[in-house]
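In case you want the letters, here they are:
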Amino acid sequence: MRFPSKKELEHYRKEYPVGCRVELVSMDDPQAPPIGTKGTVHGVDDAGSLLVRWDTGSGLNVILGVDVVRKIRG
């Protein structure tokens, strides 16, 4: 697994600030929430994973660069 640089982490944290809302576009994981599920970002960890609390109650992280989400309004 490749870890992101400090610059990449800064970009991710600026792009996905705590509290922003996202919608799942694709995730290659058998436990993934359904496509279209919305959630709230709670941070970006040092490995470059987007920490999301999905509206379904799931806490499965998004692996940026592998999984796909899009930002949405409230």
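The rules behind these values
Residues numbered from 1 in each chain as written. Predicted model: local features only at pLDDT ≥ 70, side-chain atom pairs only at ≥ 80, totals over all residues. Heavy atoms only, no water. Core = buried A, V, L, I, M, F, W, Y, C linked by side-chain atoms within 4.5 Å. Buried < 20%, exposed > 50% of the residue type's maximum accessible area, 1.4 Å probe, protein only. Helix = DSSP H or I, 4+ residues; strand = E, 2+ residues; numbered from the N terminus. Contact = heavy atoms within 4.5 Å. Polar contact = N/O pair within 3.5 Å; in protein donor to acceptor, adjacent residues only side chain to side chain. Pairing = 2+ DSSP bridges.

Q: So, the nonpolar core: which residues are in play, and what are the values?
A: By size, the foremost hydrophobic cluster in this structure holds 15 residues, and its most contacted members are Tyr16, Val22, Leu50, Trp54, Val62 and Val69. Secondary structure elements with two or more residues in this core: α1 (6-15), β1 (21-26), β2 (38-44) and β3 (49-54). Looking at which element gives the most residues to this core, the answer is β3, with 3 residues. Those residues in contact with Trp54 that lie beyond four places of it in its chain are Val22, Leu24, Met27, Pro33, Thr37, Lys38, Gly39, Gly59, Leu60, Val62 and Val69.

Q: A description of the environment of Glu23 should follow, citing residues and the corresponding values.
A: Locating Glu23 in the fold gives a position in strand β1. In the structure, Glu23 is positioned 46 residues away from Val69 in sequence and 5.4 Å away in space, judged by C-alpha atoms. The residues touching Glu23, leaving out its near neighbours within four places in the chain, are Gly36, Thr37, Lys38, Val68, Val69, Arg70 and Ile72. Looking at Glu23, its side chain comes within polar contact range of the side chain of Arg70, at 2.6 Å.

Q: Explain the pairing of β2 to me, using residue names and the numbers behind them.
A: Relative to β2, β1 runs antiparallel, the two being bridged by 3 bridges. Paired with Arg21 across the two strands is Thr40, which belongs to β2. The pairing of β2 with β3 spans 5 bridges and is classified as antiparallel. Bridge pairing in β3 places Val44 opposite Leu50. Joining the antiparallel neighbours β2 and β3 is a turn of 4 residues, in which Gly48 adopts a positive phi near 85°.

Keep in mind these numbers describe shape, not what the thing actually does.
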